[in-house]
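Understanding the architecture of this molecule
Residues per chain are reported as follows:
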Amino acid sequence: GEDVEQSLFLSVREGDSSVINCTYTDSSSTYLYWYKQEPGAGLQLLTYIFSNMDMKQDQRLTVLLNKKDKHLSLRIADTQTGDSAIYFCAESIPYDYKLSFGAGTTVTVRA
Amino acid sequence: DTAVSQTPKYLVTQMGNDKSIKCEQNLGHDTMYWYKQDSKKFLKIMFSYNNKELIINETVPNRFSPKSPDKAHLNLHINSLELGDSAVYFCASSHRLAGVYNEQFFGPGTRLTVL
């Protein structure tokens, strides 16, 4: 997680949009990912973006990538209680088999 | 069900004991991983095997020994357990795509508590 940083907590009201931010340091990253971890469960891939893209939209999810600033964000529209979880951003780097994960952002959705 | 499975889900043991965690995937992947998630939810890679060959070996005490009998299995044996080993251990698998798209599929985790 030293190379990928995230804010640790986010509280959002049900129905509002959530924005989770992530910064990474390796400019050679090829893919960037968002994983979701629900309580007591493993991580599940939510979405990903290739490094030559600026934006990707998938239903309620919008991923924005600013390569110049090495900044990645995940926006969740119309946040629901089921969106309460820990969200991890991760990067994959050429010739490296591992993913580097951020520390995770705990999102709490309040009624 | 196609998935990554781990056993046991919970493991409570005394300091100094030796224990194993097993992982199996039926996704046809050729690469498997062990991660450790600490109490602050920080996720750290420990090991990775590709086609039964060790390809990632991060700075982990040599009390931890992975073993891959075949492509579908990756077990983790821990000797002389210490209090600091208490964590959730996740197994994951993927297709070997070095630095390219590397979606990893995670197991449900094994919560290890050392008393």
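Residues numbered from 1 in each chain as written. Chains lettered and ligands numbered in written order. Predicted model: local features only at pLDDT ≥ 70, side-chain atom pairs only at ≥ 80, totals over all residues. Heavy atoms only, no water.

Now for unusual backbone geometry. Residue B:Pro8 is bonded to the preceding B:Thr7 through a cis peptide linkage, with omega at -5°. Along the chain, B:Pro8 turns up in the loop between strand 1 (4-7) and strand 2 (10-13). The phi angle at A:Lys70 is positive, at roughly 55°, despite the residue not being glycine. Topologically, A:Lys70 is positioned in the loop between strand 7 (61-66) and strand 8 (71-76). (Helix = DSSP H or I, 4+ residues; strand = E, 2+ residues; numbered from the N terminus.)

Residues and elements named next belong to chain A. Pairing of strand 6 (residues 55-58) with strand 7 involves 4 bridges; the strand directions are antiparallel. Looking across to strand 7, one finds that Asp58 is bridged to Leu61. Once strand 6 ends, the chain turns through 2 residues before running back antiparallel as strand 7, passing Gln59 with a positive phi of about 55°. (Pairing = 2+ DSSP bridges.)

On to the side chain of B:Gln6, then. Residues and elements named next belong to chain B. Position of Gln6 relative to the elements: it lies in strand 1. Taking the relative accessible area as the measure of exposure, Gln6 reaches 6% and is therefore buried. Among the polar contacts listed, one links the side chain of Gln6 to the backbone oxygen of Tyr89, at a separation of 2.9 Å. Within the local environment of Gln6, its side chain forms a polar contact with the side chain of Thr110, the two groups lying 3.1 Å apart. When residues no more than four places from it in sequence are discounted, the contact partners of Gln6 are Ile21, Lys22, Cys23, Trp34, Tyr89, Phe90, Cys91, Gly107, Pro108, Gly109 and Thr110. (Buried < 20%, exposed > 50% of the residue type's maximum accessible area, 1.4 Å probe, protein only. Polar contact = N/O pair within 3.5 Å; in protein donor to acceptor, adjacent residues only side chain to side chain. Contact = heavy atoms within 4.5 Å.)

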